Every structure is written in structure tokens, then in C-alpha cells.
Amino acid sequence: MALTAPAPAPAPVLAPVRVDAARPPLLRVTLDSPATRNRLDDRTLHALAAALDTAESSPGTDVFVIDATGDTFCSGISLGADDRDGWQPRLTAVHDLLQRLSDSPLVTVAVVDGAATGGGVGLAAACDHVIAGPGASFRMTEVLLGLVPAVILPVVAERTGRHRAFSLALGAQHVDGEQAADLGLADQRTDDCRHELRLLLRRLRAADPGAVRALKRYRRELFPAPEGHADRSVAVVAERLRDQRVHKRLNTFHRQGLIP
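Peer 1: Can you break down the pattern of salt bridges residue by residue, with the values?
Peer 2: Taken as a whole and assessed by the stated rule, the structure comprises 15 salt bridges. Linking Asp-53 and Arg-100 is a salt bridge whose minimum nitrogen-to-oxygen distance equals 2.9 Å. Of the two residues, Asp-53 is situated in helix α1 (residues 42-57) and Arg-100 in helix α2 (residues 87-103); the sequence distance between them amounts to 47 residues. Owing to a relative accessible area of 26%, Arg-100 belongs among the partly exposed residues under this scheme. Where Arg-213 meets Asp-62, a salt bridge forms, and the shortest distance between an N and an O atom there is 3.4 Å. Separated by 151 residues along the polypeptide, Arg-213 in helix α8 (residues 209-222) and Asp-62 in the loop between α1 and β3 (63-68) bring together distant segments of the chain. In this structure Arg-213 comes out as partly exposed when scored by relative accessible area, which is 29%. Since its relative accessible area comes to 27%, Asp-62 is described here as partly exposed.

Peer 1: Pulling in residues and values, what's your account of a positive patch on the surface?
Peer 2: Together, Arg-194, Arg-198, Arg-202 and Arg-205 make up a positively charged patch on the protein surface. Note on placement: Arg-205 falls in helix α7 (residues 193-206). For Arg-205, a relative accessible area of 55% puts it in the exposed group.

Peer 1: Go over the state of the cysteines with me, naming the residues and quoting the values.
Peer 2: Counted according to the given criterion, the structure contains zero disulfides. Unpaired in this structure, Cys-193 has its nearest cysteine sulfur neighbour in Cys-127, at a distance of 14 Å.

Peer 1: Kindly report on helix α5 (residues 162-170), identifying the contributing residues and their values.
Peer 2: Of all the residues in α5, the buried ones are Ala-165, Leu-168 and Ala-169. The buried residues of α5 occupy one face: seen down the axis, they fall within an arc of 95°. Away from its buried face by more than 90 degrees, α5 exposes His-163 and Leu-170. Buried positions along α5 lie against α4 (153-160), β9 (175-176) and α6 (177-183).

Peer 1: Tell me about empty space enclosed by the protein, and name the residues and values.
Peer 2: Within the structure shown, the criterion is met by one cavity of 30 Å³ or more. Roughly 40 Å³ of internal volume is contained in the largest cavity. Surrounding the largest cavity, Val-121, Phe-138, Arg-139, Met-140, Val-156, Leu-168, Gln-173, Val-175 and Leu-185 form its lining. Its residues assigned to classes, the lining of the largest cavity shows seven nonpolar, one polar and one charged.

Peer 1: Please give an account of the sheet that holds β3 that cites residues and values.
Peer 2: What the six strands build is an open sheet, ordered β1-β2-β3-β5-β7-β10; its pairing is mixed. Single-partner strands in this sheet number two, and they are β1 (17-23) and β10 (188-189). Inspection of the sheet shows strand β5 (residues 107-112) paired to strand β7 (residues 129-132) by four bridges, in the parallel sense. Residue pairing in the sheet places Ala-110 in a bridge with Val-130 of β7.

Peer 1: Kindly report on the sheet that holds strand β8 (residues 137-139), identifying the contributing residues and their values.
Peer 2: Pairing in this open sheet of four strands is mixed, and the strands run β4-β6-β8-β9 from one edge to the other. If you trace the sheet from one side to the other, it starts and ends with β4 (72-74) and β9, each paired once. Pairing geometry for β8 and β9, over two bridges, is antiparallel. Looking across to β9, one finds that Phe-138 is bridged to Val-175.

Peer 1: Would you mind going over the pairing of strand β2 (residues 26-31) in detail, with residue names and values included?
Peer 2: As a general feature of sheets, a regular strand has side chains that alternate between the two faces. A large share of β2 lies buried, amounting to six of its six residues. The two faces of β2 match: Leu-26, Arg-28 and Thr-30 on one face and Leu-27, Val-29 and Leu-31 on the other face are all buried. Relative to β3, β2 runs parallel, the two sharing six bridges. Its bridge partner being in β3, Thr-30 is matched across the sheet by Asp-67. As a crossover connection, the stretch from β2 through α1 into β3 is right-handed.

Quick notes on the rules
- Residues numbered from 1 in each chain as written.
- Predicted model: local features only at pLDDT ≥ 70, side-chain atom pairs only at ≥ 80, totals over all residues.
- Heavy atoms only, no water.
- Salt bridge = Lys/Arg side-chain N within 4 Å of Asp/Glu carboxyl O.
- Helix = DSSP H or I, 4+ residues; strand = E, 2+ residues; numbered from the N terminus.
- Buried < 20%, exposed > 50% of the residue type's maximum accessible area, 1.4 Å probe, protein only.
- Patch = residues over 30% accessible without salt bridge, like charges linked within 9 Å, V, L, I, M, F, W, Y side chains within 5 Å.
- Areas by Shrake-Rupley, 256 points an atom, 1.4 Å probe, with all protein chains shown as cover.
- Lys, Arg positive; Asp, Glu negative; His and termini not counted.
- Charge placed at Lys NZ, Arg CZ, Asp CG, Glu CD.
- Disulfide = S-S within 2.5 Å.
- Arc of directions from axis to C-beta.
- Contact = heavy atoms within 4.5 Å.
- 1 Å grid on protein atoms, 1.4 Å probe; cavity = no way out; pocket = protein on both sides within 12 Å on 5 of 7 lines; lining within 4 Å.
- Points joined across faces, edges and corners; volume = space filled by probe spheres on them.
- Nonpolar A, V, L, I, M, F, W, Y, C, P; charged D, E, K, R; others polar.
- Pairing = 2+ DSSP bridges.
- Right-handed = clockwise from strand over helix to strand, strands pointing away.

So, in C-alpha cells, the structure goes:
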């Protein structure tokens, strides 16, 4: 009787992020899906939201840091042909995450030492402090795809000013770390992200935690998020996706490997 070889075990599904909560007052989340260029797919969005839940509910945690492995910090929202049907809830999840990063009582920090494109620019811009390393670059690529950066434009504009954000989006302008710091898109450009993060943590430890949280609340009172923005951003993207030419562009970019 012939023996049948056992079927190979399925490859393990790796988590898209790594969470390090071992060094309070810091909780660090590392985007760790280089194969997808750290895109914002459903699993990654869920993992980021869960990590922020953990950080906000952990006594002694005051700082939430997002960084990434690989040459890409974050390639933005997942738009591959296989998962494009889920764009609407995914877009809403991106909006909610950016709002939470901005409004969180924690100090939120993005350490960008790779390419941030599309929604990845928004992910960084929504944080309270952005450190740009030597490999950092920022580019809102939506118009190249036939889309509009509807979700991320407000958080970028809050940093750069309205017209500058519009101009960056209109021309899909590539911005390096030094230019990003000049524009306010990053708070500092450095050759040593770890060192700058340590200096930031030292400054935050010297501040009164209650005052820091009160400052964040007061900022949101002074500069509230646009009313109804979540629904409006979904409607703007829905309008673009009704155009079959947009689908053709997306499919072409996907086949060429330019979007994950």
C-alpha cells in the first residue's frame, strides 16, 4: 500500500505589526509587513487600533510611537484588485484611526525613515510629533491613481496650511525629510531617529503629564475636525470610483507593482 505524504503545513500568517509595551511610558508599534510595503489593509488597521486601545488603557503609558521595518514607512490604504470591494469600511477605519491619533490623550509620535505615500502621509501627519530619518520621503499619490486624498488632506493641512497641502496633493509632489521639516509635515529631520526619540522622551518626562493631556484637549477645542468629514470623504472617493477609467488606472498600477 502506497503511503501518502502528509500535506505541508500552511505557512503561518504573520502579524502585520509588532507591539512593544515593555518599556513604559512608551508603547511602540512597528509596521512589519515589508511584502505589502506596510499598506493599511484591514488587518493592519485593526492591529493599530487595538494597540492604541492597549496603550490608552495601560497605567503609566504616556507615549504611543509608530515606526516601520523596510524601506517603506507606509504605502497607504490597500487598493489591490483582490480587496478593492472593501474600500468603504477601510476608508472609514483610516479616518477613525487618524482622528484617534490626533485626539488621543497620549502623545503620538511617528518615526518615519522610509517612504510614506498616500494614506501613509496621513498616518504620520495625524501624530503629534513626526521624526524624519535619512530615508524619509512623503508623497500624496492619490491624483496619479485617479483618486482624491479626501481622508488625509485635513491632517496634512493642519500641519502645512491649506494651500500648501492642496499644492502637495495637486502635483503629487515628492518631499524628502528635510523639505518635510521645512514645510511642517515633519517636526524634525535627523540622521539618528533613535537618538532624537530619546531626546523627545526626555523632554516629555520633564513635562507635567496632566498639562500635556490638557494641551491636547485644548488644541482640539481650538481647531476642531471638520464636521461630517468622515461621510464627506467617503462620498468623494465613491464618486471617483464610479468612473471606470479610475478602475483601469488602479488595475494598471497594480499589475505594474506600483500599488500593493
